[in-house]
Number of protein chains: 4
Amino acid sequence: MENVKDLTFDSNLSYNTGFQATQLAKAVEIIKRMKKEKATVFLSFTSNMVASGLRGLFVELCKRKFVDVVITAGGSIDHDLIRTYKNYHIGDFSMDDKALHKKGINRIGNILVPNDCYVELEKRMKLIFETCYSKYNKVVAPSELTYEIGKTLDEKSFLYWCSKNEIPVYSPGITDSAIGLQTYFFKQKKKDFGIDVTKDMNKLAQIVLTADKTGGIILGGGISKHHAIAVNILRGGLDYAVYVTTSSPWDGSLSGARTQEAVSWGKIKEEANYITVDCDATIAFPLIVKGVL
Amino acid sequence: MENVKDLTFDSNLSYNTGFQATQLAKAVEIIKRMKKEKATVFLSFTSNMVASGLRGLFVELCKRKFVDVVITAGGSIDHDLIRTYKNYHIGDFSMDDKALHKKGINRIGNILVPNDCYVELEKRMKLIFETCYSKYNKVVAPSELTYEIGKTLDEKSFLYWCSKNEIPVYSPGITDSAIGLQTYFFKQKKKDFGIDVTKDMNKLAQIVLTADKTGGIILGGGISKHHAIAVNILRGGLDYAVYVTTSSPWDGSLSGARTQEAVSWGKIKEEANYITVDCDATIAFPLIVKGVL
Amino acid sequence: MENVKDLTFDSNLSYNTGFQATQLAKAVEIIKRMKKEKATVFLSFTSNMVASGLRGLFVELCKRKFVDVVITAGGSIDHDLIRTYKNYHIGDFSMDDKALHKKGINRIGNILVPNDCYVELEKRMKLIFETCYSKYNKVVAPSELTYEIGKTLDEKSFLYWCSKNEIPVYSPGITDSAIGLQTYFFKQKKKDFGIDVTKDMNKLAQIVLTADKTGGIILGGGISKHHAIAVNILRGGLDYAVYVTTSSPWDGSLSGARTQEAVSWGKIKEEANYITVDCDATIAFPLIVKGVL
Amino acid sequence: MENVKDLTFDSNLSYNTGFQATQLAKAVEIIKRMKKEKATVFLSFTSNMVASGLRGLFVELCKRKFVDVVITAGGSIDHDLIRTYKNYHIGDFSMDDKALHKKGINRIGNILVPNDCYVELEKRMKLIFETCYSKYNKVVAPSELTYEIGKTLDEKSFLYWCSKNEIPVYSPGITDSAIGLQTYFFKQKKKDFGIDVTKDMNKLAQIVLTADKTGGIILGGGISKHHAIAVNILRGGLDYAVYVTTSSPWDGSLSGARTQEAVSWGKIKEEANYITVDCDATIAFPLIVKGVL
C-alpha cells in the first residue's frame, strides 16, 4: 500500500493525496493505459459541457484523433453549431431568471445564452436539413446529421473535426434539442423528412464488435453515458472506463452509478481498469487531459 | 410570512416544517392547482424509477387519467415490459458487482435484475417489432412503439394503461435501451425497419400548442426532464412545474437545474407556480401522491 | 431475496420499493429492534434541525424517554431557547440575502430568524450564566449548562424535557454558537467563569461502558454525529445505527461517511444492524418516527 | 459580460470556462485581493483534510505566515500529531470494512489509518497533558493545548509552524477527537485537569475586532466553518470569503450553505467579495494555492 504524501506548492496532481485527487490520478493512468493498448476510445459528454470552455478540449481531442467515437446529447450539437457563430457569456448561478427572460437571455448554471443564438441555429439548420433530405433519401441517421453539420462549421467546432477525421458522432436522443424542435418546423414543408435512430445501431455495433479493446471516457450522466457503456455489452464490456460525475448513486440513477455497477451488467469487464471521479468536469477534465498528454 | 411549526407524532406533511418538507408541501399544492385548473399534465420520469415500486404509482396515475402525457427514457419501457413477466429483487448498494456478474445478476442501486429478464424482453420484442413493421409501414414513431407494447401488457403495467387510455408515451431517446439493442438484431432480418423520432414532434407540439394550461411533474433528470420542459417553449412555458431531483445545479447540468433556470428559457412561465424538491423520488413521490389525492 | 413490489396509492412506507424507500424502511426496523432490545439510545442532530419543525419530534421523543442521551451542536441550544419565546418564519432558498440583512433577518436555507431573537437569547443567557456561575463553582460542563437552560424553558422545548427526564444533553462544541458568543460578554464581568468540556467525558464514558447495548439515531453530520459514534469506541461500537444524511462520502468527510466506514473504526460493531438513509431529515425523520411508533 | 472561452491543452485555470472552473478562478482572485489588502486571514478546514496530502499545503501556508488564524476540528490535531510519527496509506472507497476492522485498520474515505497510530497518540498526549497541567494551572484553552502540541512536532506539521510563527489555532470542539478521549483517561489521574473553551473567546474576539479587514478561506463544513464566519459577526462580517464545499444547501445545513446565506447573518459583509466553489478540496485547493502564488 502506498503512503499518503503531503503536497507542496509545486506538487503536480498526485495519487498519494487521498480522496478525489487520488481518483483523478487513477483516471489519468487508466486513460494512458487505454491509449497505450490502442483501445478504441469512446468519449461521451453532456450538452452543458459544450456550452462551457470544455468544448475546446473536445476540439483538441477530436483534431488529434485521440478519441474514436463520440456519443453525446442533442444539446451538444446545438451549442457546437451556435458557438461557431455566436458568443456565450459568463454570468452567475444566482441571477434573477425572470429578469433574464425579459432580456431574452437563457441561463445554464453560470453561463448565459442570448436568444439570437437560436435564430442563428434556425437559419443554419434549414439549409442543413435540405442537404440531408436530398443526400440521404429523406431519412437520416443522427450520425449522418452530425456529420453534415460538422462539414459546415469551422476549426473551433468539435463536430468539424469529427467530420474531417471520420470520427462518428452518435446522438440517440437528438430530437431532444433545439435542432429537434427545428425538425417540427422543417417537416411542415417536407413531411417525409425523418431521423431514423435505428440506422446508427449497426454501425455502432460493428465498432464495438470489431475492436480489440475498448475504453470509455464518460463525462457526466444521462443518455450519453448510458449509450456509451450499454453498447459495450455486445462485446462483454469496456476494458477501460473513467467516469467523471457529480451525481450520487443513492437514488439508483444511471447518472450517479459508479463504475462498479456497470461491471454487474457486463457494460464494463470484471477485469477492466475503471475509476469514478466525483467532480465537476470543468475542473476535473482539464487536469485529466494535462495529465495524459 | 408563516411561522415554523413544530411537528407532532401524528402531523401530516407540513409546509411549516422548513427545508425540504416545505418544498414537498408546496409541490403538493402546485399539483392540486394544476389539476383544479384542468392543465394538461406532463409526467416525466427516469428508467430506474420503473425498476422500483414507483411503477405502481405511475400505473395508478395513468389508470385514472390523472396525467395526459408521459415522457420517459428508453429503459422505462424495458422495465415496464419485463416486470409484467418477471420479478426484480431487493439487494444492497454495496454488493460485490463481480460476484453478481458471475451469477448473471444486474444491479441498479439496491435493485437486482436477473439476466433472464432480458431473454424475456428479446422474445416479446421480436413479435412487437413484427407488428409495428406491418402496421406502421416499416417505420414507427417512439409513441407508436410504446402504444403497441402497452397493448401486449397487463394491468400492472403503466404502458398498458397509457395504451388503453390513449395517453401518449414519448421516448425521444428510445434506442438507448435494451429495446434499442433489439432493433440492431431485428434489422438484420428487416433492414428497412426504422424508428423515426421526428414523427412524434408534430403530435407533441399540437398538445402543447392547443392546451389551455400545462403542468409538469418532472421526476429525476436526463432526457425525460428536458424534453418535457423544452417542448413547452412552443407555448411560452409551463404554467405549473414540480421537479423532484437529487442532482445539484453547480455543474450546469440540466438534471440538477432548479425550476428558476427554466424560467430564463421560457420553459416555465415567469408567473408560473413552480418548486424543486431535493429528494429521492422513492421517498418524495409517494408522499406527493398521497398529499394530492 | 425479496421482490420489488409496486406501490399503490394507500401503500405505507415499504422495504420492497427500492432505493431510499428501502433504506428508510430498514431504518425503521433497526430502531424498532434497538428499542425492543432495550439499547441505550443516542440521538444526535444538527442545529438547523432545531430551527425546523423537527424540534417537535425531538420534544416528543425526549418527553417519552424514547432516547437516553442527546448529542448536538451549540446552535441547537440557541434555537431551542429562542423558539420558546419567539417565532421563526418560512422563507425561500433563493431570497435576496443583502435585502434580508438590511431588514435584520437571518436565513437558514428557507427558514428566517429575525434579529430580535438574539436579543432575547442574550437577556435569558445572562441570568442562566449567573446561576451556573454560583451553582457549579464558576466552571460548568456543557451538559450542566444545557440542564440549567432546559429548566428555564417550557414544554415546547426539547431541553425542558431532557432536564425534566434526566436525559443528558452533550454539546462538545457548545461555544460555537450564539451562547458561546455570550460567554465572551459574560466573562468581561466574571473573568473566572468557564465551560470545561472535559467535565462531560467521564459521565458520557460511563453511559457507554455500562450499557448492555447501544443504538444511535444520527441525523445529519458534523460534531454531533462524530461524538455520538466516537464515544462508542470505548465499548467496541454501537449495536444499532441509523444515519440520515445528505452529504456524500467521496471527499472523505465524516458527515458523508456511510455506516460501513464506522465499522472499520469500531464505532459500529461488525455484527451490528446499521443503515444509511440519504435524505433531508425534515422528510425522512417524520416518516421514521411514524414507522417506529 | 465576459465571453465563454474554449480551453486549449495548455490553458491554465480560467474564469472564462464556466461552471465550477469559473468559481475556482474567482476564488483565486478573491484570495489575491484579501492578501493585497492585508486582511487578517482565517483558514478553516475539516479533520479529514489533515489525513490527506492537503496537510502539506497547510504547512506551507503556516510556514510563510500566509494565514493569521487557523480554526479546525479536533480530529485535525489528532492527524497532524500522528502523521509526524506514522504513515497513513492510500486505500479505496469500497473496501470491506469488516475485514479492515479485523486487521486493525481504520478507513477515512480512501485513506487508511492503522490502529498503532492511536497508540502513538496516546503516548505523546500523556506528556503534553502533563506539561499543560503544570504550565497553565490545570485548565487550558484549546489554543494553548494546540500551541503546546505544535511545539513537540516537526517541520512536516502545521501545528509546528503555527506554534513557531505564533499563529493561533482554535478548535472549539476539541474534545470530539482521539485527544478528547485521552482527556477521559488523563482525568482519572488528574481530576482537576480541564479544557475551558471560553478561555479562547476573548483572544479570538480581539483579533476580529482589531483587524482592519478580515478574509476567510473555508474548506469543508462543520464547526470549523461556522466558528470562522460566526466570530466575524462581531465586526459586521468578513470582507473576503471563499468557501470550498461538497455539501448541498437544500437541507438548511451550515455545511452546505453558500456564501450568500452568511450575508443575511452579517457573517460576511454585504459589500464583501465572496464565492463558493463546489468541489472536493483535494482537487480544488491545490489549484487555488497555485493560482494565488
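Residues numbered from 1 in each chain as written. Chains lettered and ligands numbered in written order. Predicted model: local features only at pLDDT ≥ 70, side-chain atom pairs only at ≥ 80, totals over all residues. Heavy atoms only, no water.

(A) View of the overall build of chain A. Helix and strand content of chain A: 13 helices and 11 strands. Computed over the C-alpha atoms, the radius of gyration of chain A is 20 Å, within 12% of the 19 Å expected from 2.2 N^0.38 for a compact globule of 293 residues. Its C-alpha atoms give chain A principal-axis dimensions of roughly 65 × 50 × 35 Å. Within chain A, buried positions represent 71% of all 293 residues. Excluding contacts between residues fewer than 6 apart, the proportion of contacts in chain A whose partners are at least 24 apart in sequence is 72%. Element-wise, carbon and sulfur atoms account for 50% of the exposed surface of chain A, whose accessible area totals about 9,400 Å². (Helix = DSSP H or I, 4+ residues; strand = E, 2+ residues; numbered from the N terminus. Rg over C-alpha atoms; globule rule 2.2 N^0.38 Å. Buried < 20%, exposed > 50% of the residue type's maximum accessible area, 1.4 Å probe, protein only. Contact = heavy atoms within 4.5 Å. Areas by Shrake-Rupley, 256 points an atom, 1.4 Å probe, with all protein chains shown as cover.)

(B) Inspection of the environment of C:Val244 at higher detail. Residues and elements named next belong to chain C. Examined against the element boundaries, Val244 turns out to sit in strand 10 (residues 238-245). Sequence-wise, Val244 and Ile275 are 31 residues apart; in three dimensions their C-alpha atoms are separated by 8.7 Å. Setting aside its immediate chain neighbours within four residues, Val244 contacts Ile218, Leu219, Gly220, Val277, Cys279, Ala281, Ala284 and Ile288.

(C) Quick look at the interface of chain B and chain C. Taken residue by residue, the interface counts 61 residues in chain B and 61 residues in chain C. Summed over both partners, the interface of chain B with chain C comes to about 4,800 Å²; 62% of that surface belongs to carbon and sulfur atoms. In terms of surface lost to chain C, no three residues of chain B exceed B:Phe9, B:Phe19 and B:Ile90, which account for 21% of the buried area on that side. Inspection of the chain B/chain C interface yields six salt bridges. The shortest N-O distance in the salt bridge between C:Asp92 and B:Lys26 comes to 3.5 Å. Our count for the contact surface shared by chain B and chain C stands at 30 residue pairs in polar contact (both at pLDDT 80 or more). Of all the secondary structure elements, the ones that give two or more residues to the side of chain B that touches chain C are helix 1 (19-36), helix 2 (47-51), helix 3 (54-63), strand 3 (89-90), strand 5 (111-114) and helix 13 (281-292) of chain B. Within the side of chain B that touches chain C, the residues separate by chemical class into 26 nonpolar, 22 polar and 13 charged. (Buried area = accessible area lost by both parts, 1.4 Å probe. Salt bridge = Lys/Arg side-chain N within 4 Å of Asp/Glu carboxyl O. Polar contact = N/O pair within 3.5 Å; in protein donor to acceptor, adjacent residues only side chain to side chain. Nonpolar A, V, L, I, M, F, W, Y, C, P; charged D, E, K, R; others polar.)

(D) Local environment of the confidence of the model for chain A. Per-residue pLDDT for chain A has a mean of 97; in total, 100% of the residues score no lower than 70. Across the interfaces of the predicted complex, the ipTM metric reaches 0.97, alongside a pTM of 0.97. (pLDDT = per-residue confidence, 0-100.)

(E) Looking closely at the relation of the copies chain D and chain B. Superposition of chain D onto chain B requires a rotation of 180° combined with a translation of 0.0 Å along the rotation axis, giving an RMSD of 0.0 Å. In short, the pair behaves as if placed about a two-fold rotation axis. Mapped onto chain B, 100% of the interface residues of chain D again fall at the interface, so both copies present the same surface. (Least-squares fit on C-alpha atoms with pLDDT ≥ 70 in both.)

(F) Here's a closer look at the pattern of salt bridges. Taken as a whole and assessed by the stated rule, the structure comprises 92 salt bridges over all chains. The salt bridge partner of C:Arg107 is D:Glu261, with a shortest N-O separation of 3.7 Å. Of the two residues, C:Arg107 sits in strand 4 (residues 105-108) while D:Glu261 sits in helix 12 (residues 259-265), which places them in two different chains. Between C:Lys189 and C:Glu130 there is a salt bridge, with the nearest N and O atoms lying 3.2 Å from each other. Of this pair, C:Lys189 sits in helix 9 (residues 178-189) while C:Glu130 sits in helix 6 (residues 116-135), and the two are 59 residues apart along the sequence. With relative accessibility at 55%, the residue C:Lys189 sits in the exposed group.

(G) Geometry of the pairing of strand 11 (residues 268-278) of chain A. For strand 11 of chain A, the buried fraction is high: nine of the 11 residues fall into the buried class. Taken together, strand 10 (residues 238-245) of chain A, helix 12 (residues 259-265) of chain A and strand 11 of chain A constitute a β-α-β crossover, and its handedness is right-handed. (Right-handed = clockwise from strand over helix to strand, strands pointing away.)

(H) Structural view of the sheet that holds strand 5 (residues 111-114) of chain D. Residue and element names in this part refer to chain D. Taken in spatial order, the three strands of this open sheet run 3-5-4, and their pairing is antiparallel. The open sheet has two edge strands with one neighbour each: strand 3 (89-90) and strand 4 (105-108). Relative to strand 5, strand 4 is paired through four bridges, and the arrangement is antiparallel. Note on strand 5: the bridge partner recorded for Arg107 is Leu112. (Pairing = 2+ DSSP bridges.)

(I) Broad picture of helix 4 (residues 74-85) of chain C. With 11 of 12 residues buried, helix 4 of chain C lies mostly within the body of the structure. Of the positions making up helix 4 of chain C, those classed as buried are C:Gly74, C:Gly75, C:Ser76, C:Ile77, C:Asp78, C:His79, C:Asp80, C:Leu81, C:Ile82, C:Arg83 and C:Thr84.

(J) Just the packing of helix 10 (residues 201-210) of chain C against helix 9 (residues 178-189) of chain D, in detail. Put simply, helix 10 of chain C and helix 9 of chain D touch, their axes get as near as 9 Å, and they point 90° apart. Taken together, the axes of helix 10 of chain C and helix 9 of chain D are roughly perpendicular relative to one another. Only D:Gly180, D:Leu181, D:Thr183 and D:Tyr184 of helix 9 of chain D make contact with helix 10 of chain C, whose side of the interface consists of C:Met201, C:Asn202, C:Ala205, C:Gln206 and C:Leu209. Residues of the contact of helix 10 of chain C with helix 9 of chain D, tallied by class, amount to five nonpolar, four polar and no charged. (Axes fitted to C-alpha atoms, helices over the stretch in contact; angles between N-to-C directions. Parallel < 35°, antiparallel > 145°, perpendicular 65-115°, else oblique.)

(K) Main features of the packing of aromatic side chains. Throughout the structure, instances matching the rule amount to 46 aromatic pairs over all chains. Seen from their ring centres, B:Tyr184 and B:Phe185 are 5.0 Å apart, and the 55° between their planes marks the pair as tilted. Judged by relative accessible area, B:Phe185 falls into the partly exposed class, the value being 36%. The structure contains a cluster of three or more aromatic residues connected by ring pairs, namely A:Phe45, A:Phe58, A:Phe158 and A:Phe285. If you follow A:Lys267 out to its NZ or CZ, it ends over the ring of A:Trp265, 4.2 Å from the centre. If you follow B:Arg258 out to its NZ or CZ, it ends over the ring of D:Trp250, 4.0 Å from the centre. (Phe/Tyr/Trp six-rings, centres within 6.5 Å; stacked < 30°, edge-to-face > 60°. Lys NZ or Arg CZ within 6 Å of the ring centre and 35° of its normal.)

(L) Broad picture of the interface of chain D and chain B. Across the boundary between the two partners, chain D contributes eight residues, which contact eight residues of chain B. Summed over both sides, the interface between chain D and chain B buries roughly 760 Å², with carbon and sulfur atoms accounting for 63% of that surface. Across the chain D-chain B interface, the total number found is two residue pairs in polar contact (both at pLDDT 80 or more). Here the residues of the side of chain D that touches chain B sort into three nonpolar, two polar and three charged.

(M) Fine view of unusual backbone geometry. Phi at C:Glu166 is positive, roughly 55°, even though this residue is not glycine. Within the secondary structure, C:Glu166 sits in the loop between helix 8 (158-164) and strand 7 (169-170). With relative accessibility at 60%, the residue C:Glu166 sits in the exposed group. Non-glycine residue D:Lys38 carries a positive phi angle of around 55°. Residue placement: D:Lys38 occurs in the loop between helix 1 (19-36) and strand 1 (40-45).

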